[in-house]
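In case you want the letters, here they are:
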Amino acid sequence: MAAFVRVVELGSFARAAEELRLTPSALSRLVSRLEDRLGVRLLTRTTRKLALTMEGALYLERSREVLDLIARTEADVSSSRTTPKGLLRINSSTGFARQTLLHAIPVFLARFPDVSVDLTLTDRLVDPVAEQVDIIIRGSPSAGSDLVVRQLAEGRRLICASPDYLRKHGTPRSAADLTRHNCISLSNQAPVTTWPIASDSGIEQFTPKGRISCDNVGMLFDLAVAGHGIVRLADFVVGQAVREGRLVEILGEVNRSNTISLWIVMPKGRFLSPRVQAFLDYMDTWLHPDDNEHSRR
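Keep in mind that this is a model prediction, so the values were computed, not measured.

*Asks:* What should I look at first to understand the sheet that holds strand β6 (residues 147-155) in this one?
*Replies:* Consider a sheet: its strands pair through backbone hydrogen bonds, and that pairing is either parallel or antiparallel. The strand order across the open sheet formed by five strands is β4-β3-β5-β14-β6, and the pairing between neighbours is mixed. Taken across any chain shown, the strands that pair with only one partner, and hence form the sheet edges, are β4 (115-121) and β6. Strand after strand, the sheet turns through a mean of 20 degrees between neighbouring axes, direction not considered. Its contacts with the sheet place helix α5 (residues 94-111) against β3 (86-92), β4, β5 (135-138) and β14 (260-267), and it is angled at close to 175 degrees to β4.

*Asks:* Please explain the environment of G11 as it appears in this structure.
*Replies:* Summarising the element assignment, G11 is placed in the loop between α1 (2-10) and α2 (13-20). Judged by its relative accessible area of 44%, G11 falls in the partly exposed class. Along the primary structure G11 and A51 are separated by 40 residues, whereas in three dimensions their C-alpha atoms are 8.5 Å apart.

*Asks:* Where do I start with the packing of aromatic side chains in this structure?
*Replies:* Centre-to-centre distance and the angle between the planes together describe a pair of aromatic rings. Within this structure, the stated rule accounts for six aromatic pairs. Here the aromatic rings of F108 and F112 are separated by 5.1 Å at their centres, their planes lie at 45 degrees, and the arrangement is tilted. When the ring of Y282 is compared with that of W286, the centres are 6.0 Å apart and the planes differ by 40 degrees; the resulting orientation is tilted. Here the residue Y282 and the residue W286 both occupy positions in helix α11 (residues 274-287), the gap between them amounting to four residues, near one helical turn. Under the relative-accessibility criterion, Y282 is labelled buried at 2%. Here W286 falls in the buried class, since its relative accessible area comes to 7%. Each member of the aromatic cluster is reached from another via a ring pair, and the members are F108, F112, F279, Y282 and W286.

*Asks:* Hey, could you run me through the nonpolar core in this one?
*Replies:* Generally speaking, soluble globular proteins have nonpolar side chains that are buried together. Judged by nonpolar contacts, the single largest core of 27 residues is most densely connected at L88, L101, F108, I135, I137, F279 and M283. Elements supplying a minimum of two residues to this core: β3, α5, β5, β6, β14 and α11. No other element matches α11, which puts seven residues into this core. With residues near it in sequence (within four places) discarded, L101 still touches S92, F96, P106, L119, I137, F279 and M283.

*Asks:* Explanation requested: the packing of α1 against helix α3 (residues 24-38) in the structure shown.
*Replies:* Pairs of packed helices are described in terms of their axes, by the angle between the two and the distance that separates them. Running from N to C, α1 and α3 cross one another at 115 degrees; their axes reach a closest spacing of 9 Å. Accordingly, the angle class assigned to the pair α1 and α3 is roughly perpendicular. The handedness of the crossing between α1 and α3 comes out as left-handed. Counted together, A3, F4 and V7 of α1 and L27, L30, V31 and L34 of α3 form the full contact between these two elements. Among the residues forming the contact of α1 with α3, the class breakdown is seven nonpolar, no polar and no charged.

Analysis parameters
- Residues numbered from 1 in each chain as written.
- Predicted model: local features only at pLDDT ≥ 70, side-chain atom pairs only at ≥ 80, totals over all residues.
- Heavy atoms only, no water.
- Pairing = 2+ DSSP bridges.
- Helix = DSSP H or I, 4+ residues; strand = E, 2+ residues; numbered from the N terminus.
- Axes fitted to C-alpha atoms, helices over the stretch in contact; angles between N-to-C directions.
- Contact = heavy atoms within 4.5 Å.
- Buried < 20%, exposed > 50% of the residue type's maximum accessible area, 1.4 Å probe, protein only.
- Phe/Tyr/Trp six-rings, centres within 6.5 Å; stacked < 30°, edge-to-face > 60°.
- Core = buried A, V, L, I, M, F, W, Y, C linked by side-chain atoms within 4.5 Å.
- Parallel < 35°, antiparallel > 145°, perpendicular 65-115°, else oblique.
- Left-handed = near helix turned anticlockwise from the far one by under 90°.
- Nonpolar A, V, L, I, M, F, W, Y, C, P; charged D, E, K, R; others polar.

Just distances and angles here, no functional claims.
Written as structure tokens, this is what we have:
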């Protein structure tokens, strides 16, 4: 059952065989014996690709449920005594990965030498079950009865620019000042998200305008650090750069940011995996250094 699932997930007998440490022919015989026992064809095989039959799609769905139940049962029994080990599949937004996970994951791996990480990056919402990942990290959680959603941290959005940009163009003190600056914003937001700035007359909803827009948070961060404009991004993304002096927070006294949350989304059943739980505990200390000043050492 596990072999069949991995063949489907990887789309290749050769790749699945390599992962399972079998020969492709041995793995093919396993699946053929499974089909013979069931009396139905699960896969349609051609020289170019594999395709699930209707029966194969049903068997895949139920197999994942059974395998997940086995994993949950074993985790329930042994999690308190099991050392975290194995492959941890993480999917993250690009901005958070490049500015936080870039620093956090190597330390995590040094702390847990029996764990390895497969990190995929995308800014779109993904289904952890369909994508076959253990953990998804997002600013907006997915929803579903087959998912576990957990808040990882709370934060706010900061308005930032590089020291070089501010030396060349001056430091804005108000929303009116921002109109004379190159404000870099996300291009995939409709309607465009405004920046709430406090003034003597109340809260002004400033619409960022500039010569550059981008649909990728990580790219916005890079453009700001390189001195090309002003951005407004979550402190989960820019916090490290602000602490290091690569970015400077501006308008902090008048920037009105609602509290934003960082979420962990997981398929049910993987929450109790020792490697998953170890990563969640580790990221909690990493993102809350004031609660544990030694968390990064």
